[in-house]
Amino acid sequence: MNPDEIADRKVEVMKRAAGRWKANAPEVSQTALLLAQGGPQAATNPERTASFIAREALKRTMRFHGVGNERMIGPTLDLDDVPPNEIAKKAGRPIARIVELLETNRVGEGFATGFLVAPGLLVTNWHVFAQPGEAIGCGAQFGFERNAVGLLDSGVVFELDPHSFFLSDAALDIAIVGVRTAAAFGSGPLADWGTVRLIPSQGKIPIMAFGGNWKPTSQEKLGS
């Protein structure tokens, strides 16, 4: 793990994003005009609008069964040390702090985050791990948070295992790396921490910064 390399790759990702934004400036302006003239449904294609409406209707139905709670994020990034309820606490369990595993049999500093998407598979960024070797000697620390009385729990650490699985993509800024199922520090199996289910469908937001004839590319489908 080289902090300077991680920082340089992060800047590279940001520069590429800025370049895409600049290249799409004419389409962004056209979308703003469509929004002003006809509202959100005029600013995207009918298929995406229909998908969004259907998904929102399903979410409203599921809320009657006590699931589907979401947090509305306000104008500031005010973060709480303690989850507001048990549903929020459970939702955060698959999220890990990525740390160094030091030769002195200690857990080092955290330098990134990731989350489990399947048993033994953790998603993070390409700028964190561009090559399999960079994940060697690192771990995923779950449950590193303050408890109800304000004390910091150290949680459980599982060693990353890029030999079992590793995939990275610079264009999508994504890396998927294997995780050993037995704890390196702490106790309990990896399965206890759950997973975050990825949703592959389009139409999760009503407005895109593109005109009404926009069609997703293969990379945009993968990154949805």
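All of these numbers come straight from a predicted model, not from anything done at the bench.

The rules behind each value
Residues numbered from 1 in each chain as written. Predicted model: local features only at pLDDT ≥ 70, side-chain atom pairs only at ≥ 80, totals over all residues. Heavy atoms only, no water. Helix = DSSP H or I, 4+ residues; strand = E, 2+ residues; numbered from the N terminus. Buried < 20%, exposed > 50% of the residue type's maximum accessible area, 1.4 Å probe, protein only. Contact = heavy atoms within 4.5 Å. Areas by Shrake-Rupley, 256 points an atom, 1.4 Å probe, with all protein chains shown as cover. Salt bridge = Lys/Arg side-chain N within 4 Å of Asp/Glu carboxyl O. Core = buried A, V, L, I, M, F, W, Y, C linked by side-chain atoms within 4.5 Å. Polar contact = N/O pair within 3.5 Å; in protein donor to acceptor, adjacent residues only side chain to side chain. Expected span 1.5 Å × (residues − 1). Arc of directions from axis to C-beta. pLDDT = per-residue confidence, 0-100. Phe/Tyr/Trp six-rings, centres within 6.5 Å; stacked < 30°, edge-to-face > 60°. Pairing = 2+ DSSP bridges.

**A closer look at the overall build of the protein chain**
Thought 1: Each helix and strand in the protein chain was counted, giving 5 helices and 9 strands.
Thought 2: Listed by position from the N terminus, the elements making up the protein chain come as α-α-α-α-β-β-β-β-β-β-β-β-β-α.
Thought 3: Buried positions account for 27% of the 224 residues belonging to the protein chain.
Thought 4: Summarising the internal contacts of the protein chain: among those between residues at least 6 apart in sequence, 59% fall at separations of at least 24.
Thought 5: Put simply, the protein chain shows about 14,400 Å² of open surface, and 59% of that area lies on carbon and sulfur atoms.

**Side note on the pattern of salt bridges**
Thought 1: Using the criterion set out here, one finds 6 salt bridges in the structure.
Thought 2: With a shortest N-O distance of 3.9 Å, R9 and E5 are connected by a salt bridge. Here R9 and its partner E5 are both found in helix α1 (residues 3-23), 4 residues apart, which amounts to about one turn of the helix.
Thought 3: Taking relative accessible area as the criterion, E5 reaches 37% and is therefore assigned partly exposed.
Thought 4: Between D161 and R180 there is a salt bridge, with the nearest N and O atoms lying 3.9 Å from each other. Here R180 lies in strand β9 (residues 174-185) and D161 lies in the loop between β7 (156-160) and β8 (166-169), a separation of 19 residues in the sequence.

**Some details on the nonpolar core**
Across soluble globular proteins, nonpolar side chains show a tendency to be buried alongside one another.
Thought 1: Ranked by internal contacts, the top residues of the largest apolar core, which has 20 residues, are L116, L122, F129, F142, F158, L160 and V179.
Thought 2: In contact with V179, other than residues within four places in its own chain, are L116, G120, L122, F158, E159, L160, D161 and L190.

**A look at the side chain of H127**
Thought 1: As for its position among the elements, H127 is in the loop between β3 (121-124) and β4 (138-142).
Thought 2: The exposure class of H127 is buried, given its relative accessible area of 10%.
Thought 3: Reaching out from H127, the side chain makes a polar contact with the side chain of D173 at a distance of 3.1 Å.

**Examining helix α2 (residues 25-38)**
Thought 1: The end-to-end C-alpha distance of α2, which contains 14 residues, comes to 20 Å, matching closely the 20 Å that a straight helix rising 1.5 Å per residue would cover.
Thought 2: Where α2 is concerned, the buried positions are V28, T31 and L34. One face of α2 carries all of its buried residues, which in axial projection span an arc of 120°. Exposed side of α2, more than 90 degrees from the buried face: P26, A36 and Q37 are the residues found there.
Thought 3: Against the buried residues of α2 lie α1.
Thought 4: The first or second residue beyond α2 is G39, which carries a positive phi of 80°.

**Concerning the confidence of the model for the protein chain**
Thought 1: On average, residues of the protein chain score 82 in pLDDT, and 81% of them reach the 70 mark or higher.
Thought 2: Confidence drops under pLDDT 50 across residues 209-224; counting only partners more than four residues distant or on other chains, this segment forms 36 contacts.

**Side note on the packing of aromatic side chains**
Thought 1: Counted under the stated rule, the structure contains 3 aromatic pairs.
Thought 2: Each ring, one from F111 and one from F129, has its centre 6.2 Å from the other, and the planes form 85°; the classification is edge-to-face. Within this pair, whereas F111 is found in strand β2 (residues 106-118), its partner F129 is found in the loop between β3 and β4, the two being separated by 18 residues in sequence.
Thought 3: For F111, a relative accessible area of 21% puts it in the partly exposed group.

**Things to note about the environment of L152**
Thought 1: With respect to the helices, strands and loops of the structure, L152 is situated in strand β6 (residues 152-153).
Thought 2: Overall, L152 belongs to the partly exposed group, its relative accessible area being 46%.
Thought 3: Residues L152 and D81, spaced 71 residues apart in sequence, show a C-alpha to C-alpha distance of 9.6 Å.
Thought 4: With residues up to four places along the chain from it excluded, the contact list for L152 reads F144, E145 and R146.

**Quick word on the pairing of β9**
Thought 1: With 4 bridges connecting them, β3 and β9 associate as antiparallel partners. Opposite T124, over in β9, you have A175 as the bridge partner.
Thought 2: Pairing between β7 and β9: 3 bridges, direction antiparallel. When the sheet's bridge partners are listed, F158 is paired in β9 with A183.
Thought 3: Here β8 pairs with β9 via 4 bridges, running antiparallel. Its bridge partner lying in β9, S168 is registered against A175.

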